Amino acid sequence: MIDFLVVGGGVAGLGAGAHLAKHGSVVLLEQEDTLGYHTSGRSAAMFEENYGPAPIVELSRASATPLQTGGYLSPRGFLLIAPAADNALFERDCINLQCAEISANEARDLVPVLNPTYLHRAAYHPEAADLDTDRLMQDWARDLRNHGGEIHCRCGVESIERHSQGWRVTAGTLEIYARYIINAAGAWADEIAERAGCRPVGLVAKRRSMAQLPAPQGHDPMTWPMIMAAGEAWYTKPQSGKLLVSPADADPTKPHDAWADDMILAEGLARFEEAVEFTVTRLETSWAGLRSFAPDGNPVFGADPSDPHFIWYAGQGGYGFQTAPASAKLISDIITGEETGFDPKLLAALSPARF
């Protein structure tokens with residue numbers, strides 16, 4: 001009998017496992033060949049603490065110090081832009097993201113390829129940062145193992161049964177008895193809950209596509225900020241001398257190994273091209289990931305109402321990495337009975353009991 005069985009090897013599962021390994025025995029199961037295969041391995045890798053609904057912003061702000069002191073952040077900046085037609089969207093986003101408005105000329109100083117005939121308004125948040133997602137996951141995997149925990153890839157959960165002292169789980173050749181199950185299965189979290197006899201919360205997986213473009217000729221984009229069009233019509237971010245561009249799609253889909261839709265990418269890239277002074281001539285590569293949302297858009301953290309030993313840790317949407325340190329400590333504190341330090345209103349907004 002182990003103390004904690006974590007289902008899911010993305011950033012959520014690794015964070016929960018690393019924290020819980022300090023309190024008891026941990027086994028983590030991942031159905032894919034590698035950790036972080038689905039959503040966590042396809043992140044835009046950006047930390048913008050004002051991005052997202054109120055509970056996400058609170059968790060992001062609580063994660064800023066551990067991410068900074070851990071060396072996971074590096075300067076990037078965030079630029080919001082809009083054409084005249086999107087003035088109302090710009091003003092809403094500027095308030096929500098707490099960006100300071102700057103002139104069009106200042107925006108073009110930051111990103112010289114911006115099209116002046118498109119650029120009507122701009123706002124900038126210099127504190128936004130790149131986030132080293134790979135190192136964060138590697139560090140948590142190492143912490144989990146260093147505290148005696150086990151990680152098993154290619155071990156998808158096949159069955160879950162209630163046991164007198166907790167749970168009996170079969171996964172491949174493994175048969176595991178555990179006091180707690182931590183459901184960090186991302187887009188598959190409702191399926192795991194149903195196998196455990198718990199009611200699903202109604203998570204919806206939404207596809208987010210990304211394309212990698214070569215840098216525009218004569219420019220090095222590595223000093224440019226991340227750019228988002230008002231209303232999140234698209235966004236782009238420099239990475240390794242290239243440009244990552246997303247149409248910011250959020251199409252509901254079933255949990256699967258997602259891929260980019262060519263038409264969605266083409267439409268998003270057309271919107272992007274309107275804002276810049278160069279033409280997209282080729283894609284170097286493209287991909288998609290799944291972001292999972294509960295019906296109210298907030299994460300689902302805490303014990304299932306039907307069984308206090310089945311713990312939800314899912315529904316982070318596209319905010320999993322930027323909230324990861326605070327979220328991982330929070331779920332560990334909830335399970336172990338430690339003081340979380342968060343307002344009870346936040347805990348209620350995240351609790352599975354709200355459904």
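Residues numbered from 1 in each chain as written. Predicted model: local features only at pLDDT ≥ 70, side-chain atom pairs only at ≥ 80, totals over all residues. Heavy atoms only, no water.

1. Observations regarding the overall build of the chain
So, step 1. Tallying secondary structure elements over the chain gives nine helices and 20 strands in all.
So, step 2. Relative to the globule expectation of 20 Å for 355 residues, the C-alpha radius of gyration of the chain, 21 Å, shows essentially globular dimensions.
So, step 3. Overall, the chain is about 70 × 40 × 35 Å in size when its C-alpha atoms are taken along their principal axes.
So, step 4. Considering only residue pairs separated by 6 or more positions, the chain has 72% of its internal contacts joining residues 24 or more positions apart.
So, step 5. In the chain, 28 side chains carry a positive charge and 45 a negative one; their mean positions are 2 Å apart. (Helix = DSSP H or I, 4+ residues; strand = E, 2+ residues; numbered from the N terminus. Rg over C-alpha atoms; globule rule 2.2 N^0.38 Å. Contact = heavy atoms within 4.5 Å. Lys, Arg positive; Asp, Glu negative; His and termini not counted. Charge placed at Lys NZ, Arg CZ, Asp CG, Glu CD.)

2. Description of the packing of aromatic side chains
So, step 1. Summed over the entire model, instances satisfying the criterion amount to seven aromatic pairs.
So, step 2. A centroid spacing of 5.2 Å and a plane angle of 80° characterise the contact between Trp234 and Phe272, whose relative ring orientation is edge-to-face. You can see Trp234 sitting in the loop between strand E14 (226–229) and strand E15 (235–239) and its partner Phe272 sitting in helix H7 (residues 262–274), a full 38 residues away along the chain.
So, step 3. Grouping aromatic residues by their ring pairs yields a cluster made of Trp167, Phe310 and Trp312.
So, step 4. For the cation-ring pair, Lys206 lies above Phe293, with the distance from its terminal atom to the ring centre recorded as 5.2 Å. (Phe/Tyr/Trp six-rings, centres within 6.5 Å; stacked < 30°, edge-to-face > 60°. Lys NZ or Arg CZ within 6 Å of the ring centre and 35° of its normal.)

3. Some words on the pairing of strand E13 (residues 204–214)
Working note: regular strand, side chains alternate between the two faces of the sheet.
So, step 1. In terms of residue burial, E13 counts as a mostly covered element, since eight of its eleven residues are buried.
So, step 2. Across three bridges, E13 lies against strand E17 (residues 251–253) in antiparallel orientation. Across the sheet, residue Arg207 finds its bridge partner in E17, namely Asp251.
So, step 3. Pairing of E13 with strand E16 (residues 242–246) involves four bridges; the strand directions are antiparallel. Bridge pairing in E16 links Leu213 to Leu243. (Buried < 20%, exposed > 50% of the residue type's maximum accessible area, 1.4 Å probe, protein only. Pairing = 2+ DSSP bridges.)

4. What about the pattern of salt bridges?
So, step 1. Inspection of every chain in the model, using the stated rule, returns 20 salt bridges.
So, step 2. With its nearest N and O atoms 2.9 Å apart, the salt bridge here joins Asp130 to Arg76. A residue pair is termed long-range when its members are at least 10 positions apart, and Asp130 in strand E8 (residues 129–131) and Arg76 in the loop between strand E4 (73–75) and strand E5 (78–82) qualify at 54 residues. The two residues Asp130 and Arg76 agree in class, both being buried.
So, step 3. Measuring nitrogen to oxygen at the nearest pair gives 2.5 Å for the salt bridge that ties Arg168 to Glu175. (Salt bridge = Lys/Arg side-chain N within 4 Å of Asp/Glu carboxyl O.)

5. Brief notes about the domain arrangement of the chain
The extent of an interface is frequently quoted as the accessible surface area lost upon association of the parts.
So, step 1. Looking at the assigned domains, one finds that the chain contains domain 1 (2–43 + 133–202 + 295–354) and domain 2 (78–126 + 204–293).
So, step 2. A separation of 32 Å is found between the C-alpha centroids of domain 1 and domain 2.
So, step 3. Taken together, the 16 residues of domain 1 in the interface contact 13 residues of domain 2.
So, step 4. Interface area for domain 1 against domain 2, summed over the two sides, is near 1100 Å², with a carbon-plus-sulfur share of 54%.
So, step 5. Where domain 1 touches domain 2, the interface holds four residue pairs in polar contact (both at pLDDT 80 or more).
So, step 6. Among the residues forming the side of domain 1 that touches domain 2, the class breakdown is five nonpolar, nine polar and two charged. (Domains from an automatic or database assignment. Buried area = accessible area lost by both parts, 1.4 Å probe. Polar contact = N/O pair within 3.5 Å; in protein donor to acceptor, adjacent residues only side chain to side chain. Nonpolar A, V, L, I, M, F, W, Y, C, P; charged D, E, K, R; others polar.)

6. Considering unusual backbone geometry
So, step 1. In this model, Ala45 sits at a positive phi of 55°, which is unusual for a non-glycine residue.
So, step 2. Residue position: Ala45 is located in the loop between strand E2 (26–29) and strand E3 (46–47).
So, step 3. Residue Ala45 is classed as buried on the basis of its relative accessible area, which comes to 10%.
So, step 4. Positive phi, close to 55°, is recorded for Gln98, a residue that is not glycine.
So, step 5. The topology assignment puts Gln98 in the loop between helix H3 (87–96) and strand E6 (100–102).

7. Quick notes on the environment of Gly156
So, step 1. Summarising the element assignment, Gly156 is placed in the loop between strand E9 (150–152) and strand E10 (159–163).
So, step 2. Under the relative-accessibility criterion, Gly156 is labelled partly exposed at 24%.
So, step 3. Distance in space between the C-alpha atoms of Gly156 and Val113 is 46 Å, their sequence separation being 43 residues.
So, step 4. Sequence-distant contacts of Gly156, defined by excluding residues within four places in its chain, comprise Glu30, Gln31, Thr170, Ala171 and Gly172.

8. A closer look at helix H2 (residues 54–69)
An α-helical turn contains 3.6 residues, so a residue and the one three or four places further along point in the same direction.
So, step 1. Its 16 residues give H2 an end-to-end C-alpha distance of 24 Å, which sits within 8% of 22 Å, the value for a rise of 1.5 Å per residue.
So, step 2. Roughly 35° is the biggest bend found in H2, and it falls at Ser63, with proline Pro66 one to four residues downstream.
So, step 3. Residues Pro55, Ile56, Val57, Leu59, Ser60, Ser63, Ala64 and Leu67 constitute the buried set of H2. (Expected span 1.5 Å × (residues − 1). Bend = angle between axes of the 7 residues up to and from the residue.)

9. Examining the side chain of Asp307
So, step 1. Within the secondary structure, Asp307 sits in strand E20 (residues 307–314).
So, step 2. Side-chain polar atoms of Asp307 contact the side chain of Arg162, separated by 3.0 Å.
So, step 3. Setting aside residues no more than four positions away along its own chain, Asp307 makes contact with Arg162 and Trp167.

10. A few points about helix H5 (residues 133–146)
So, step 1. Spanning 14 residues, H5 covers 20 Å between terminal C-alpha atoms, matching the ideal 20 Å at 1.5 Å per step.
So, step 2. Those residues of H5 lying buried are Thr133, Leu136, Met137, Asp139, Trp140, Ala141 and Leu144.
So, step 3. The inward-facing, buried residues of H5 abut helix H1 (11–20), E2, H2, E8, E9 and helix H8 (324–336).
So, step 4. Where H5 ends, the next residue or the one after it, Gly148, has phi of about 90°, a positive value.

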